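Analysis of the macromolecular model
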Amino acid sequence: KILSHSKRERKMLITNNSGRTGILLLLVLWCSGCGGGLDEDLPETVAVNGVVTYQGKPVPDASIMFYPLQGRKPATGRTDPQGKFTLRTFEKADGAIPGAHQVTVNAYESTPEGVSMKSAIPIKYSSPTTTPLKITVSESNPEIKLELTD
């Protein structure tokens, strides 16, 4: 039996298929941007954990930045109440790019009203141009101790 469609039915079939094709195409394009492929272009990282102390005491809620001297993406971390941190560069806890880094630490005093703008540590640690902290990240050095002084 041969199926025959009227002009109107053929037009509806083409329109419906075009709509489905358009949705399918959008879905494929959208999913192609969902990961995959990009990870291959990212530089290698090394897991880095550490602790920040000032005058022998842990520095809580401090922001840590490891700036690679080669100008690549910096790694970031935040200390817990014991001053411990884990670095991330591209994804959670992936660490830092191996090599030499300038390290900055920013921490502010807590007050009953919240956090003040007064630094809880010497200001020299807050900028890559003034920090004396230089660390080499490598697989043989995954635990970093940042001992801040006046």
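Below: a short report on this structure. Just so it is clear, the model here is predicted, and its values are computed rather than measured.

**With respect to the overall build of the protein chain**
When its secondary structure is counted, the protein chain shows one helix and 10 strands. Each helix and strand of the protein chain, ordered N terminal to C terminal, gives the series α-β-β-β-β-β-β-β-β-β-β. Here the protein chain holds 150 residues, and the buried ones make up 27% of them. Long-range pairs, those at least 24 residues apart, make up 58% of the contacts in the protein chain between residues at least 6 apart in sequence.

**Here's the deal with the layout of surface pockets**
Reported here for the largest pocket is a volume of approximately 280 Å³. Along the wall of the largest pocket there are 16 residues; nearest its centre are Val59, Pro60, Ala107, Tyr108 and Ala120. Those elements that place two or more of their residues in the lining of the largest pocket are strand 2 (57–58) and strand 7 (108–111).

**Notes on unusual backbone geometry**
Glycine aside, residues mostly have negative phi angles, and peptide bonds mostly take the trans form. Positioned with a positive phi, Gln55 is a non-glycine residue whose angle comes to about 55°. Its location among the elements puts Gln55 in the loop between strand 1 (49–54) and strand 2. Given the relative accessible area of 55%, Gln55 is considered exposed. With a phi angle near 60°, Ala93 is a residue other than glycine that sits in the positive phi range. Mapped onto the fold, Ala93 is located in the loop between strand 5 (84–86) and strand 6 (99–106). Under the relative-accessibility criterion, Ala93 is labelled partly exposed at 43%.

**Quick word on the side chain of Thr104**
Its location among the elements puts Thr104 in strand 6. The class of Thr104 is buried, set by a relative accessible area of 1%. Look past the residues within four positions of Thr104 in its chain and what remains in contact with it is Ser63, Ile64, Met65, Tyr67, Tyr125, Ser126, Ser127, Pro128 and Thr131.

**A short note on the environment of Tyr125**
By the element assignment, Tyr125 lies in the loop between strand 8 (114–119) and strand 9 (134–137). The buried category is assigned to Tyr125, whose relative accessible area is 3%. Spatially, the C-alpha atoms of Tyr125 and Val105 are 5.4 Å apart, while their sequence positions differ by 20 residues. In this view, Tyr125 contacts Val103, Thr104, Val105, Thr131, Pro132, Leu133, Leu148 and Thr149; residues no more than four positions away in its chain are not counted.

**Some remarks on the sheet that holds strand 4 (residues 75–78)**
Pairing within the open sheet is antiparallel, and its four strands lie in the order 4-3-6-9. Unpaired on one side and paired on the other, strand 4 and strand 9 mark the two borders of the sheet. Strand after strand, the sheet turns through a mean of 30° between neighbouring axes, direction not considered. Direction of pairing for strand 6 relative to strand 9: antiparallel, over a ladder of four bridges. From the neighbouring strand, Gly99 faces strand 9, where its bridge partner is Val137.

Here is what the cut-offs are and how they apply
Residues numbered from 1 in each chain as written. Predicted model: local features only at pLDDT ≥ 70, side-chain atom pairs only at ≥ 80, totals over all residues. Heavy atoms only, no water. Helix = DSSP H or I, 4+ residues; strand = E, 2+ residues; numbered from the N terminus. Buried < 20%, exposed > 50% of the residue type's maximum accessible area, 1.4 Å probe, protein only. Contact = heavy atoms within 4.5 Å. 1 Å grid on protein atoms, 1.4 Å probe; cavity = no way out; pocket = protein on both sides within 12 Å on 5 of 7 lines; lining within 4 Å. Points joined across faces, edges and corners; volume = space filled by probe spheres on them. Pairing = 2+ DSSP bridges. Axes fitted to C-alpha atoms, helices over the stretch in contact; angles between N-to-C directions.

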